Amino acid sequence: SDHGVSVNMDENFDGFIQIQDLSWLKKPPHPSKIVQIDDELEVKLLEINKEKRRLYCGLKQLKENPWDNITKNYNVGDTIETEIVNKVDFGIFVKIFDEIDGMVHISDLSWNEKENNNILNSLKKGDKIKVKILEINTLKERISLSAKHLLEDPVQNFISQNPVKSIVSGKIVSVDEKGVTVNLAENINGFIKKIHLSKNKTEQKVDRFASGEVLDSMIVSFDNKLRKINLSIKDKEIEEEKKTLLEYGS
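Residues numbered from 1 in each chain as written. Predicted model: local features only at pLDDT ≥ 70, side-chain atom pairs only at ≥ 80, totals over all residues. Heavy atoms only, no water.

### Examining the nonpolar core
- Counting 20 residues, the largest nonpolar core has Ile 70, Ile 92, Ile 96, Ile 143 and Leu 145 as the members making the most contacts within it.
- Breaking this core down by element, the ones donating at least two residues are strand 5 (79-88), strand 6 (91-97), strand 7 (100-105), strand 8 (128-137) and strand 9 (142-146).
- Contact partners of Ile 96, with chain neighbours within four places excluded, come to Ile 70, Tyr 74, Ile 80, Asp 101, Gly 102, Ile 143 and Leu 145. (Core = buried A, V, L, I, M, F, W, Y, C linked by side-chain atoms within 4.5 Å. Buried < 20%, exposed > 50% of the residue type's maximum accessible area, 1.4 Å probe, protein only. Helix = DSSP H or I, 4+ residues; strand = E, 2+ residues; numbered from the N terminus. Contact = heavy atoms within 4.5 Å.)

In structure tokens, the structure reads:
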């Protein structure tokens, strides 16, 4: 059945293997994919339930738990070539080894967020894929993988070439009441908060700016986790003023 496998122990007793005791896989396949009717099985007796007159048995318990040895075979940072075993709305599951699957979340398919949906739609079960191990959690029996981490993060790359306090040039892509979004390089945007639009408070108005305009600003901070570049025209102006004062005196 969908819930497990009934086994005939002898004429007096029936046994039952629950689906989670058939395989070490976190999401085991349908029992019919693991055993067939009339198969002779060797099972481990797990529980005697007198009330239900049932013997609960296990098939996976005769094998070593692969999670006990996972770190002997794989480490965080390893790259593996594997195949897709399942696809869901939020990502894909791939075969790692033995009865262990790992997951690539949709957000880890590409550094370009706009591409993730298209990539997920183009992938199918059985496809070969190369992935990098991001995390191995033996306690939760979970392996997190990534396809995008096989490549350098373009945003991190941009920041290493243009560190905080650098002056950068970019084209405005959008303006809203919170501030201005500026495109700095292909698929790399920075944001200028309203209060950073000018050192003069009277000039901190978003309606002074329009899409398509090219402007210079200073990188003031970089959020590593969110991969967000914060820009400021105000700080660029202050820095320029300081330089002018140094050159020409007060």
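### Considerations on the environment of Leu 151
- Within the element layout of this structure, Leu 151 appears in the loop between strand 9 and helix 3 (154-161).
- In this structure the C-alpha to C-alpha distance between Leu 151 and Thr 244, which are 93 residues apart in sequence, comes to 42 Å.

### Concerning the packing of aromatic side chains
- Inspection of the entire model under this criterion finds two aromatic pairs.
- Look at Tyr 74 and Phe 97: their rings are 5.9 Å apart centre to centre, the planes differ by 55 degrees, and that puts the pair in the tilted class. Here Phe 97 lies in strand 6 and Tyr 74 lies in the loop between helix 1 (70-73) and strand 5, a separation of 23 residues in the sequence.
- Relative accessible area serves as the criterion here: at 17%, Tyr 74 is assigned to the buried category.
- With a relative accessible area of 21%, Phe 97 lands in the partly exposed category.
- Just above the ring of Phe 16 sits the side chain of Arg 54; from NZ or CZ to the centre is 4.2 Å. (Phe/Tyr/Trp six-rings, centres within 6.5 Å; stacked < 30°, edge-to-face > 60°. Lys NZ or Arg CZ within 6 Å of the ring centre and 35° of its normal.)

### Looking at the pairing of strand 2 (residues 14-18)
- Pairing of strand 1 (residues 4-8) with strand 2 involves five bridges; the strand directions are antiparallel. Within strand 2, the position partnered with Val 5 by the bridge is Ile 17.
- In this antiparallel pair of consecutive strands, strand 1 and strand 2, the connection spans five residues.
- Where strand 2 lies against strand 4 (residues 54-58), three bridges are found, and the strand directions are parallel. By the bridge assignment, Ile 17 is partnered in strand 4 with Cys 57. (Pairing = 2+ DSSP bridges.)

Purely spatial values, then, with no claim about function.
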